[in-house]
Amino acid sequence: MMSSSRLVEVRQNVLKQNDALARRLRERFAQSGVYVVSLVSSPGAGKTAFLEKTLARLRSRARVAALVGDLATDNDAARLARTEVPVRQITTGTVCHLEAAMVERALEGWELGELDCLFIENVGNLVCPSSYDLGENMRLVLMSVTEGEDKPLKYPTIFNTADLAVITKIDLAAAVEFDLSAAHKSIQSVRPGMAVMEVSAKTGQGMDEWLQLLGLRFSSQA
Amino acid sequence: MHELSIAMSIIGMATEEVARHGGTQVNAVHLKLGSLSGVVKDALLFSYEAACQDTPLQGSRLVIEEVPVVVYCPTCRKEQTLASIQFFYCPVCATPTPEVLRGVELEVTALEIQ
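What you are looking at is a predicted structure, and each value in this text was computed from that prediction instead of being measured.

A. Up close: the pairing of strand β4 (residues 87-91) of chain A. As paired elements, strand β3 (residues 64-70) of chain A and β4 of chain A share five bridges and run parallel to each other. Residue pairing for β4 of chain A: V68 of chain A is matched across the bridge by Q89 of chain A.

See the structure below:
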């Protein structure tokens, strides 16, 4: 009977389970003194290459590790493992993003206190990862010069939730006639004041600046 | 597309709540959906209907209240509502406005139960 229908107030965040777990992870990371960086981008923007170079250059100065999410295969983990740092693959099956619970599971057995910096490479997707907090300290959004300058305007939410934008494959900028100032303008339009780095994992361009910024962020936390 | 898993979370939440309030059936779920929530309204409505099959929510309505992005403008010194999530500039004075006050909501606010 519709007449007996009544309205009850609820006020509950739909993602409260993930948010609560992410908060717990963030506390755990802080207690262990590990700085956590997550990476999001569309498929093929160069997350793995960027991370490969980052890990290779950091491992002599800091204790680093990485988790890498993909729908299927452990190819990326195998690639990253060549840098000789601890790497674990998270295979999500059909899930298009990482969630805090997957991160927590993947960390089982790792002594976080023995790490300085942990990287979490999300599944290649610019839509869904934006809703899921993973407990990270810094979220990087990557876009490559081959994707077009207006990518941030097409995916404003993920750019808005990120802390740093990285324009990758900068060595190809001239070849694809990438308009850098238009790209910067798009980024600032969806996230005013966001820091932006221009890098090439291939040539190393911009990697010093990136590592310097990362070093500053994680030493200011410690 | 993560709207199906969002719809399933809403259904799980509503199923628990209806039992807690001594009801047996949910007629409607009221949801606040921010423009910056990362969830698409139409995709969510579509997923919701499918996900409600064979649950106490079968046949229920999902009533979505869309919440635009509200920012703080340091120049105007007050809240301003953005017309688009592509342009984080004050609609009155064009100052960049990174400080988001509302618009990220993904929240069940009420249930109509019986």
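Having seen it, we continue.
B. Main features of the state of the cysteines. Summed over all chains, the structure comprises zero disulfides over all chains. Take C96 of chain A: it sits in no disulfide, and the sulfur closest to it among the cysteines is that of C128 of chain A, at 3.2 Å. The cysteine C90 of chain B is free of any disulfide, with C93 of chain B supplying the nearest cysteine sulfur at 3.7 Å. Since its relative accessible area comes to 3%, C90 of chain B is described here as buried.

C. Spatial organisation of the packing of aromatic side chains. Residues and elements named next belong to chain A. Inspection of the entire model under this criterion finds one aromatic pair over all chains. Residues F50 and W210 carry aromatic rings whose centres are separated by 5.2 Å and whose planes lie at 40° to one another, so their mutual orientation is tilted. In this pair, F50 is assigned in helix α2 (residues 47-58) and W210 in helix α8 (residues 207-221), connecting sequence segments 160 residues apart. Look at F50 and you get buried, because its relative accessible area is 2%.

D. Here's a closer look at the interface of chain A and chain B. The interface is formed by 30 residues belonging to chain A together with 38 residues belonging to chain B. Roughly 2800 Å² is buried in total at the junction of chain A and chain B, and carbon and sulfur atoms are behind 56% of that figure. The largest per-residue losses of area from chain A upon contact with chain B belong to R6, V14 and P192 of chain A, which jointly make up 22% of the total buried on that side. At the boundary of chain A with chain B, the tally comes to one salt bridge. Notably, a salt bridge pairs E107 of chain B with R11 of chain A, separated by 3.0 Å at the nearest N-O pair. Run the count over chain A and chain B and you get 16 residue pairs in polar contact (both at pLDDT 80 or more). Mapped onto the side of chain A that touches chain B, the elements with two or more residues apiece are β1 (6-13), α6 (156-161) and α7 (180-190) of chain A. The element that contributes the greatest number of residues to the side of chain A that touches chain B is β1 of chain A, accounting for eight residues. Across the side of chain A that touches chain B, the residue classes tally to 15 nonpolar, eleven polar and four charged. Sheet analysis places β1 of chain A next to strand β6 (residues 106-113) of chain B, joined by six bridges and oriented antiparallel.

E. A look at unusual backbone geometry. All names here are of chain A. Here the phi dihedral of K169 falls at roughly 55°; this positive angle occurs in a residue that is not glycine. For K169, a relative accessible area of 26% corresponds to the partly exposed category. Although it is not a glycine, E177 adopts a positive phi angle of roughly 50°. Taking the relative accessible area as the measure of exposure, E177 reaches 68% and is therefore exposed.

F. Quick peek at the sheet that holds strand β5 (residues 100-102) of chain B. Residues and elements named next belong to chain B. Judged by pairing direction, the sheet is antiparallel, and its three strands sit side by side in the order β4-β3-β5 without closing on themselves. If you trace the sheet from one side to the other, it starts and ends with β4 (78-81) and β5, each paired once. Along the sheet, successive strands turn relative to each other by an average axial angle of 40°, direction set aside. In this structure, strand β3 (residues 70-73) lies alongside β4, joined through four bridges in antiparallel fashion. In the strand pairing of β4, V70 is matched with T81.

Rules of the game
- Per chain, residues are indexed from 1 in the order of the written sequence.
- Starting at A for chains and at 1 for ligands, labels are handed out in the order in which the entities are written.
- The predicted nature of this model means local features are confined to residues of pLDDT at least 70 and side-chain atom pairs, given and counted, to a pLDDT of 80 or more, with totals for whole chains, interfaces and linings taken over all residues.
- With hydrogens and water stripped out, all remaining heavy atoms of the structure feed into the side-chain values.
- What makes two strands pair is DSSP finding at least two bridges between them.
- Each helix is a run of H or I in the DSSP string that is no shorter than four residues. Each strand is a run of E no shorter than two, and both are numbered from the N terminus.
- Criterion for a disulfide: a pair of cysteine sulfur atoms at a distance within 2.5 Å.
- Exposure categories follow from relative accessible area, calculated using a 1.4 Å probe and restricted to protein chains: below 20% of the type maximum is buried, above 50% is exposed, and the middle band is partly exposed.
- A pair of Phe, Tyr and Trp rings is counted when the ring centres sit within 6.5 Å of each other, with Trp represented by its six-membered ring. The angle between the planes then sorts it: under 30 degrees is stacked, over 60 is edge-to-face, the rest tilted.
- Whether two residues touch is decided by their heavy atoms; if any such pair falls within 4.5 Å, the residues are in contact.
- Buried surface area refers to the total accessible area, computed with a probe of radius 1.4 Å, that the two partners give up upon joining, counted for both partners together.
- Here, a salt bridge means any Lys or Arg side-chain nitrogen found within 4 Å of an Asp or Glu carboxyl oxygen.
- Side-chain atoms alone can form a polar contact between residues adjacent in sequence; in general such a contact is a pair of N or O atoms within 3.5 Å, and within protein one must be able to donate a hydrogen while the other accepts it.
- In this count, Pro and Cys sit with the nonpolar residues alongside Ala, Val, Leu, Ile, Met, Phe, Trp and Tyr, while Asp, Glu, Lys and Arg are called charged and the others, Gly among them, polar.
- With axes taken as lines fitted to C-alpha atoms, and helix axes fitted only over the stretch in contact, angles between N-to-C directions fall between 0 and 180 degrees.

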